[in-house]
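Architecture and fold: a report
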Amino acid sequence: MICDDPESFLAVLPRHGPLAGLDLGTATIGVAVSDGRRTVATPVETIKRKKFGVDAEKLLTLCTAREVAGLVLGLPMNMDGSEGPRCQATRAFARNLERLTDLPIAFWDERLSTVAAERALLEADTSRKRRAEVIDHVAASYILQGMLDRMGHLRNAV
């Protein structure tokens with residue numbers, strides 16, 4: 001099930017259980033996973049993309065192993081708020097993934113998540129080589145943390 005907004009996503013999720021955040025790139029998929037109470041996102045790994053079937057199998061195996069309750073895909077909006085070809089590719093990935101899993105799927109505006117991840121890694125004095133290895137799953141954690149914070153706000157507003 002693909003949810004259009006954080007409210008509908010929160011409504012279909014079980015009360016507890018980790019969520020996975022994805023930063024979909026053309027060559028890699030950054031993956032982050034939250035704790036079971038959905039307060040903190042942690043970078044996990046970067047999957048080297050091959051073809052959809054292989055990528056989806058690896059992703060869903062990881063989700064099963066970590067008992068993930070839902071997926072948050074970063075939506076690469078243009079800076080003016082419009083959607084370009086990368087957004088269309090992300091939505092197509094979600095539609096294809098929806099056919100393979102019952103996990104609810106939501107989108108989170110990922111504008112500047114990679115910039116924030118890069119800045120954090122630079123501040124941590126991470127080497128250029130190491131930054132290249134981890135940037136995608138660190139960006140995925142920024143995407144997931146944004147959704148977790150929004151969901152926390154929604155729960156507290158009730």
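Residues numbered from 1 in each chain as written. Predicted model: local features only at pLDDT ≥ 70, side-chain atom pairs only at ≥ 80, totals over all residues. Heavy atoms only, no water.

What about the pattern of salt bridges?
Stated formally: Whenever a carboxyl oxygen of Asp or Glu lies within 4 Å of a side-chain nitrogen of Lys or Arg, that contact is scored as a salt bridge. Accessibility here uses a 1.4 Å probe with only protein chains present; expressed as a share of the type maximum, an area under 20% marks a residue as buried, one over 50% as exposed, and anything in between as partly exposed.
Summed over all chains, the structure comprises three salt bridges. The salt bridge partner of Asp-55 is Arg-49, with a shortest N-O separation of 3.3 Å. By relative accessible area, which is 27% here, Arg-49 ends up partly exposed. Among the salt bridges present, the one from Glu-83 reaches Arg-91, with a minimum N-O distance of 2.7 Å. Exposure remark for Glu-83: the relative accessible area of 37% places this residue in the partly exposed category.

A short note on the pairing of strand β1 (residues 19–24)
To be explicit about the condition: By definition, any uninterrupted DSSP run of H or I lasting at least four residues is a helix, any uninterrupted run of E lasting at least two residues is a strand, and each is numbered from the N terminus. Two strands qualify as a pair provided DSSP detects at least 2 bridges between them.
The buried count for β1 comes to six of six residues, which makes it a mostly enclosed element. Where β1 and strand β2 (residues 28–34) come together, five bridges link them in antiparallel fashion. Residue Leu-22 lies in a different strand from β2, and its bridge partner there is Val-31. Connecting the antiparallel pair β1 and β2 is a turn made up of three residues.

Considering the sheet that holds β1
In plain terms, the rule: The axes used here are C-alpha line fits, helices contributing only the stretch in contact, and every angle between their N-to-C directions lies in the interval 0 to 180 degrees. Contacts: residue pairs with any heavy atoms within 4.5 Å of one another.
One open sheet holds the five strands; their spatial order is β3-β2-β1-β4-β5, and the pairing between them is mixed. The open sheet is flanked by β3 (41–48) and β5 (105–109), the only strands paired with a single partner. Taken over all neighbouring pairs, the strand axes of this sheet differ in orientation by 25° on average, direction set aside. Most of the contacts of helix α2 (residues 52–65) go to β3, to which it runs at about 150°, and overall it touches β1, β2, β3 and β4 (70–75). Most of the contacts of helix α3 (residues 85–98) go to β4, to which it runs at about 165°, and overall it touches β1, β2, β4 and β5.

A word on the confidence of the model for the chain
This is how the line gets drawn: Per residue, pLDDT measures the predictor's confidence, with a range of 0 to 100.
Considering every residue of the chain, the mean pLDDT works out to 87; 84% of them sit at 70 or more. Looking over the chain, one finds the lowest element-wise mean pLDDT in helix α4 (residues 113–123), namely 64, and the highest in α2, namely 96.

Remarks on the nonpolar core
Put simply, the rule reads: Only buried Ala, Val, Leu, Ile, Met, Phe, Trp, Tyr and Cys residues count toward a nonpolar core, and they belong to the same one when joined by side-chain atoms within 4.5 Å.
By size, the foremost hydrophobic cluster in this structure holds 24 residues, and its most contacted members are Val-31, Leu-59, Leu-71, Leu-73, Phe-93 and Leu-97. Per element, the largest residue contribution to this core is five residues, and it comes from α2. When near neighbours in sequence (up to four residues on either side) are disregarded, Leu-73 contacts Leu-22, Leu-24, Thr-90, Phe-93, Ala-94, Ile-105, Ala-106, Phe-107, Trp-108 and Ile-143. Core analysis: the next-biggest nonpolar cluster, separate from the first, contains 15 residues, Val-72, Leu-144, Met-147 and Leu-148 among them.

Concerning α3
Threshold: Expected helix span is given by 1.5 Å per residue-to-residue step, counting one fewer step than there are residues. Throughout, the arc means the angular range of directions from the helix axis out to the C-beta atoms.
Given a rise of 1.5 Å per residue, 14 residues ought to cover 20 Å, and the 20 Å separating the end C-alpha atoms of α3 matches this to within 8%. Those residues of α3 that sit buried are Cys-87, Thr-90, Phe-93, Ala-94 and Leu-97. Down the axis of α3, the smallest arc covering the buried residues is 120°, so these residues share one side. With respect to the buried face of α3, the exposed residues turned more than 90 degrees away are Pro-85 and Gln-88. As for α3, its buried residues are in contact with β1, β2, α2, β4 and β5.

Quick look at α2
Along an α-helix, residues three or four apart share an orientation, since each turn contains 3.6 residues. Here α2 is 14 residues long and its end C-alpha atoms lie 20 Å apart, about the 20 Å a rise of 1.5 Å per residue gives. Taken together, the buried positions of α2 are occupied by Asp-55, Ala-56, Leu-59, Leu-60, Leu-62 and Cys-63. Taken down its axis, α2 places every buried residue within 155° of arc, on the same side. For α2, the exposed residues lying more than 90 degrees away from the buried face are Glu-57, Thr-61, Thr-64 and Ala-65. Against the buried residues of α2 lie β1, β2, β3, β4 and α3.

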